[in-house]
Amino acid sequence: MKVDEAKCVGCGNCVPVCTMGAIYIEDSHSNVNEDECVECGSCIRFLEVEGRNPTLVRGLRKVLNKVSLQHDAPVGVCVAGALYEPTLEWPREIRRNFSNPAAVHSATGIPGRGTDEIKTNDVNEWLKENEALLLVEVGRPGLGAHMRDIEKITTVLATLGVDFKPENPITLLMTDTKTGKLNPDTLNEKVLSAIIEIKIDLDKVPVYLKKIKETVKDLPTVCSLVVAGRCGEQGDIPYLDAVKEAGLTPSPGGKTNLGLGRRGGSE
Ligand code: SF4
Ligand code: SF4
């Protein structure tokens, strides 16, 4: 994200709306810490452009300041639309691809960081009985995640031998799915969050969960783990004991999809 200094009046309305705390006021205008900005576009989406003349507003603010009064733009407004999204080149463009929910990911052709949700499994049958999907979500607003930290997880998983979901955006950044190494150009890029998806045998769930737990504990970000599998005929969840065996507490917020999709495309 960039700031057009000629349009900015330094009101500071954009500072609290930044999901990464990357905007600050200096020299009477806003500035963006480019290392921390993940190109999520939230600042532009949340602020309405008031369309006022920035020179007049700046002048008014100066005059009022002299007599200990002040003029503040209404909250939720950027007076003259000073924030703008520059054209992003490779590799910085991946920040937007992973972080801006309105952006279509150039590698997958769909908006967002992931792939088809597991709830489509009744149609695509990617996950078979006795298999489990492990999903590691790395990063959150306020913290984000560097690709170099995400690579630490993918390389450890690769040593255990996994099927990375082929069309997943992180898998598509790998130079080799056997090693889990990501394209070295991308390692210093930061994103709001990213999702690693792997398929493993159901009986291996505790081993993988323990390994992931051990790997992520020193990373400078947060991770959420999701396990998904096919319910048994009686609605039983086949991996609950495996999650407990790994020393984790299953969240009661889990969801069950009923399998009402239709096979054969959109019909
Ligand atoms: S909201 Fe707009 S005018 Fe106010 S500080 Fe931010 S960029 Fe500048
Ligand atoms: S694009 Fe996102 S991270 Fe960057 S300045 Fe705007 S809100 Fe902050």
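Residues numbered from 1 in each chain as written. Chains lettered and ligands numbered in written order. Predicted model: local features only at pLDDT ≥ 70, side-chain atom pairs only at ≥ 80, totals over all residues.

Trainee: What's the story with the overall build of the protein in this structure? I'm lost.
Mentor: Along its length, the protein carries eight helices and 14 strands. Counting only residues that meet the buried cut, the protein has 31% of its 267 residues in that class. (Helix = DSSP H or I, 4+ residues; strand = E, 2+ residues; numbered from the N terminus. Buried ≥ 20, exposed ≤ 12 C-beta atoms within 10 Å, placed from the backbone.)

Trainee: When you look at the environment of Lys-190 in this model, what are you seeing that I'm missing?
Mentor: Checked against the element boundaries, Lys-190 lands in strand β12 (residues 190-191). With 98 residues separating them in the primary sequence, Lys-190 and Arg-92 have C-alpha atoms 8.7 Å apart. Each residue touching Lys-190, except ones within four places of it in the same chain, is listed here: Glu-36, Val-38, Arg-95, Gly-144, Ala-145 and His-146. (Contact = placed C-beta atoms within 7 Å.)

Trainee: Is there a simple way to think about the site of ligand 1 in this case?
Mentor: The local shell around ligand 1 holds 15 residues, among which Cys-8, Cys-11, Cys-14, Cys-78 and Ala-82 are the closest. Considered class by class, the residues forming the shell around ligand 1 number 10 nonpolar, five polar and no charged. (Near = placed C-beta within 6 Å. Nonpolar A, V, L, I, M, F, W, Y, C, P; charged D, E, K, R; others polar.)

Trainee: I keep staring at unusual backbone geometry and nothing clicks. Help me out?
Mentor: Here the amide bond leading from Trp-90 into Pro-91 is cis, since omega sits at 0°, within 30 degrees of zero. For Pro-91, the position within the fold is in the loop between β6 (83-84) and α3 (93-99). Of note, Ser-28 is a non-glycine position whose phi angle comes to about 65°, a positive value. Within the chain, Glu-39 stands out as a residue other than glycine whose phi angle is a positive 60°. Tracing the backbone through its elements, the reader meets Glu-39 in the loop between β3 (29-32) and α1 (42-46). Judged by local crowding, Glu-39 falls into the buried class, with 27 C-beta atoms found within 10 Å.

Trainee: Can you walk me through the nonpolar core in this structure?
Mentor: Across soluble globular proteins, you tend to see nonpolar side chains buried next to one another. Core analysis: the biggest nonpolar cluster contains 52 residues, and Ile-150 and Ala-194 have the highest contact counts within it. Listed by contribution, the elements that provide at least two residues to this core are α3, β7 (131-138), α5 (147-160), β13 (194-201), α7 (205-216), β14 (223-229) and α8 (240-245). A per-element tally of this core places β7 first, with five residues. Counting contributing residues, this core receives three or more from each of domain 1 (2-86) and domain 2 (110-245). (Core = buried A, V, L, I, M, F, W, Y, C linked by C-beta atoms within 7 Å. Domains from an automatic or database assignment.)

Trainee: Could you clarify how one ought to interpret the pairing of β7 in this entry?
Mentor: On any regular strand, side chains alternate: one points to one face of the sheet, the next to the other face. Alignment of β7 against β13, held across eight bridges, turns out to be antiparallel. What sits directly across from Val-138, in β13, is Ala-194. As paired strands, β7 and β14 are joined by seven bridges and run antiparallel to one another. Following the sheet pairing, Val-136 is matched in β14 by Leu-225. (Pairing = 2+ DSSP bridges.)

Trainee: Teacher, can you tell me more about the site of ligand 2 here?
Mentor: Taken together, 14 residues lie around ligand 2, and Met-1, Cys-18, Cys-37, Cys-40 and Cys-43 are the ones closest in. Grouping the amino acids of the shell around ligand 2 by side-chain chemistry returns 10 nonpolar, three polar and one charged.

Trainee: What is the right way to look at the sheet that holds β7 in this model?
Mentor: What holds strands together in a sheet is hydrogen bonding between their backbones, with the strands either parallel or antiparallel. The four strands are arranged β9-β13-β7-β14 in an open sheet whose pairing can be described as antiparallel. Across the chains shown, the open sheet's two edge strands, defined by having one partner strand only, are β9 (163-164) and β14. The strands touched by α5 are β7 and β13; relative to β13, the strand with the most contacts, the crossing angle is about 10°. (Axes fitted to C-alpha atoms, helices over the stretch in contact; angles between N-to-C directions.)

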